[in-house]
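So the chains spell out like this:
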Amino acid sequence: MLEASRSWRREGRSIGLVPTMGALHAGHMSLVHLARLENDIVVVSLFVNPIQFGPGEDFERYPRDLKRDVHMLREAKVDALYLPEPEAMYPPDASTRVHVGGVADPLEGKSRPGHFEGVATVVTKLFAAVEPDRAYFGQKDAQQVAVVERLARDLDLGVEVRVGPIVREPDGLALSSRNVYLRPAERRAARALSAALREAAAAYASGQRDPERLEAILAARLGSERLVEVDYAGLVDPGTFHKPGHLAVLAARVGKTRLIDNHDVSKPFPG
Ligand code: AMP
């Protein structure tokens, strides 16, 4: 990959990288389109990164459909697909991990120990393999964005981190490769996540500024669904992911599927 990248760079062509774990949907494709607009060359990486999954998480059953992914990327006029092999990414004697402190600690970091270390390590390796000018991440994974921005700055990686908005289903559910796990009743219950964010944003718009009241709105909406089990739901600063702030972040299990979503309540909820 690096040879191709370097030859593009020698020709003065800019490179945009979109890291993904495959099972592509319109959320991923929105990042591909943004990268297409801003760069001469678009590279999409597809790698289900084993080290960002904890024990008992869904690494083995994570959805994989390479044929469909390749078709979608061809249609979107992507220049290169980077498909690293797990054995090449993590040979048995590899012993380095990239640890981001601070912003990676609360919320997802707390619920999924080792997750952001896995993310930071793979992102560092992808950046080293592709040497992109810009890399594209979705606001869907808001804390991941903050972690990657911190990583790129702290290690002087020389990559501009670009963020695309959350793409949602018509009823508000944020697109996720994991949505395919949801049974029909769970899919209906999953609407509670975006509905909670919408209600908190509406309350904020009508003058509610008390973080505890806004958090109670999130909790009440999520609590109204029997199939939804809340992991966390709070309002944090979008830079530090500590309280207080106006980014509403939530994680919940719907049946066996863990979903996350977020919205800046100082802005109107889309749709
Ligand atoms: P994943 O394949 O789940 O690792 O996601 C790859 C990239 O797509 C990440 O930067 C995600 O934040 C982004 N992404 C996933 N779902 C969405 C969505 N619904 N809207 C926008 N970006 C998304």
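About the thresholds
- Residues numbered from 1 in each chain as written.
- Predicted model: local features only at pLDDT ≥ 70, side-chain atom pairs only at ≥ 80, totals over all residues.
- Heavy atoms only, no water.
- Near = heavy atom within 4 Å.
- Polar contact = N/O pair within 3.5 Å; in protein donor to acceptor, adjacent residues only side chain to side chain.
- Areas by Shrake-Rupley, 256 points an atom, 1.4 Å probe, with all protein chains shown as cover.
- Helix = DSSP H or I, 4+ residues; strand = E, 2+ residues; numbered from the N terminus.
- Pairing = 2+ DSSP bridges.
- Axes fitted to C-alpha atoms, helices over the stretch in contact; angles between N-to-C directions.
- Parallel < 35°, antiparallel > 145°, perpendicular 65-115°, else oblique.
- Left-handed = near helix turned anticlockwise from the far one by under 90°.
- Contact = heavy atoms within 4.5 Å.
- Nonpolar A, V, L, I, M, F, W, Y, C, P; charged D, E, K, R; others polar.
- Phe/Tyr/Trp six-rings, centres within 6.5 Å; stacked < 30°, edge-to-face > 60°.
- Buried < 20%, exposed > 50% of the residue type's maximum accessible area, 1.4 Å probe, protein only.
- Lys NZ or Arg CZ within 6 Å of the ring centre and 35° of its normal.

A. Seen up close, the site of the ligand. Around the ligand there are 17 residues in total, and Met21, His28, Asp141, Val167 and Leu175 lie nearest to it. Contact distances for the ligand include 2.9 Å between an oxygen atom and a backbone N or O atom of Gly138. Residue Val167 places a main-chain N or O atom 2.9 Å away from a nitrogen atom belonging to the ligand. Bound to the protein, the ligand loses 93% of the 490 Å² it would expose on its own. Looking at the shell around the ligand, the elements that each hand over two or more residues are strand S1 (15-20), helix H2 (26-38) and strand S4 (134-138).

B. Broad picture of the sheet that holds S1. On the basis of which strands lie adjacent, the open sheet formed by five strands has the order S3-S2-S1-S4-S5 and parallel pairing. The open sheet terminates on both sides in strands that have one partner only, identified here as strand S3 (80-82) and strand S5 (160-164). For this sheet, the mean angle separating the axes of adjacent strands, direction not counted, is 30°. In this structure, S1 lies alongside strand S2 (residues 41-46), joined through six bridges in parallel fashion. Pairing of Ile15 across the sheet is with Ile41, part of S2.

C. Main features of the packing of helix H6 (residues 115-130) against helix H7 (residues 142-154). Contact pair H6 / H7: the axes reach a minimum separation of 10 Å and the direction vectors enclose 55°. Classed by the angle they form, the pair H6 and H7 counts as oblique. Relative to H7, H6 is oriented so that their crossing is right-handed. Only Gln143, Gln144, Val147, Val148 and Leu151 of H7 make contact with H6, whose side of the interface consists of Phe116, Val119, Ala120, Val123, Thr124 and Phe127. A class-by-class count of the residues in the contact of H6 with H7 yields eight nonpolar, three polar and no charged.

D. Geometry of the packing of aromatic side chains. Taken as a whole and assessed by the stated rule, the structure comprises three aromatic pairs. When the centroid spacing of 6.2 Å and the interplanar angle of 40° are considered together, the rings of Phe47 and Tyr90 count as tilted. In this pair, Phe47 is assigned in the loop between S2 and helix H3 (66-75) and Tyr90 in the loop between helix H4 (86-89) and helix H5 (108-111), connecting sequence segments 43 residues apart. Under the relative-accessibility criterion, Phe47 is labelled buried at 6%. Overall, Tyr90 belongs to the buried group, its relative accessible area being 15%. Centre to centre, the rings of Phe53 and Phe59 are 5.4 Å apart; their planes meet at 65°, and the pair counts as edge-to-face. Taking the relative accessible area as the measure of exposure, Phe53 reaches 9% and is therefore buried. We classify Phe59 as partly exposed; its relative accessible area is 24%. A cation sits over an aromatic face here: Arg64 above Phe59, 5.1 Å from the ring centre. Residue placement shows Arg209 over the ring face of Tyr204; its charged tip is 3.7 Å from the ring centre.

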